[in-house]
Amino acid sequence: MVQRKSIVISSVVLIAGLAIGFVLRPVIDPPTPSSVGSGLVPAAIAAPRGTQYFAANLDEARKIIAACRDGSVRGDECAHAGQAVEAAEGRANTKRFLGSRPH
């Protein structure tokens, strides 16, 4: 009877320990991006380029805007490229309208 009781207690402790281990696994050792999946997903996804980048590279911004219209590019890059091109065109229009004013 004592031997049966010890087997039951050790089985319950073993099962409880396993359950606690599975629950605490993500807390103790969180997965890293390189260990997730089968390697098909890139480890680091590039952040969308900002408005300042597109302001410095207006040709690239215009290509992104065209790709956004086609639907091949989506997300924040479309908005950033659009803002950069609008600002550049606004500055060009203002400069063209005011021209060179004598001081």
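Just above sits the structure.
My aim in this report is to walk through the structure given alongside it, one point at a time. Owing to the predicted nature of the structure, the values given are computational and were not obtained by experimental measurement.

### Concerning the state of the cysteines
Counted by the stated rule, this structure contains one disulfide. Disulfide partner of Cys 68: Cys 78, at an S-S distance of 1.9 Å. Every disulfide takes its handedness from the sign of the S-S torsion; for Cys 68 and Cys 78 that torsion is -95°, giving left-handed. With Cys 68 in helix α3 (residues 58–70) and Cys 78 in helix α4 (residues 76–98), this residue pair connects regions lying 10 residues apart in the sequence.

### Considerations on a nonpolar patch on the surface
Nonpolar side chains collect at one region of the surface, where Ile 20, Val 23, Leu 24, Val 27 and Ile 28 lie side by side and expose about 530 Å² of accessible area between them. Looking at the secondary structure, you find Ile 20 in helix α1 (residues 2–28). What makes Ile 20 exposed here is its relative accessible area of 52%.

### A look at the environment of Glu 77
Positionally, Glu 77 belongs in helix α4. Residue Glu 77 is classed as buried on the basis of its relative accessible area, which comes to 15%. With residues near it in sequence (within four places) discarded, Glu 77 still touches Pro 48, Arg 49, Phe 54 and Ile 64. Within the structure, the side chain of Glu 77 is placed 3.0 Å from the side chain of Arg 49, a separation counted as a polar contact.

### Regarding the pattern of salt bridges
Opposite charge on two side chains permits them to pair, given that their charged atoms come into close proximity. According to the stated counting rule, one finds two salt bridges in the structure shown. The shortest N-O distance in the salt bridge between Arg 49 and Glu 60 comes to 3.3 Å. Of this pair, Arg 49 sits in the loop between α1 and α2 (51–56) while Glu 60 sits in helix α3, and the two are 11 residues apart along the sequence. In this structure Arg 49 comes out as partly exposed when scored by relative accessible area, which is 25%. Note on Glu 60: relative accessible area 25%, which makes it partly exposed. Across the salt bridge formed by Glu 77 and Arg 49, the nearest N and O atoms sit 3.0 Å from each other. With Glu 77 in helix α4 and Arg 49 in the loop between α1 and α2, this pair connects stretches of sequence that are 28 residues apart. Put simply, Arg 49, Glu 60 and Glu 77 are held in one network by salt bridges that share partners.

Parameters at a glance
- Residues numbered from 1 in each chain as written.
- Predicted model: local features only at pLDDT ≥ 70, side-chain atom pairs only at ≥ 80, totals over all residues.
- Heavy atoms only, no water.
- Disulfide = S-S within 2.5 Å.
- Helix = DSSP H or I, 4+ residues; strand = E, 2+ residues; numbered from the N terminus.
- Patch = residues over 30% accessible without salt bridge, like charges linked within 9 Å, V, L, I, M, F, W, Y side chains within 5 Å.
- Areas by Shrake-Rupley, 256 points an atom, 1.4 Å probe, with all protein chains shown as cover.
- Salt bridge = Lys/Arg side-chain N within 4 Å of Asp/Glu carboxyl O.
- Buried < 20%, exposed > 50% of the residue type's maximum accessible area, 1.4 Å probe, protein only.
- Contact = heavy atoms within 4.5 Å.
- Polar contact = N/O pair within 3.5 Å; in protein donor to acceptor, adjacent residues only side chain to side chain.

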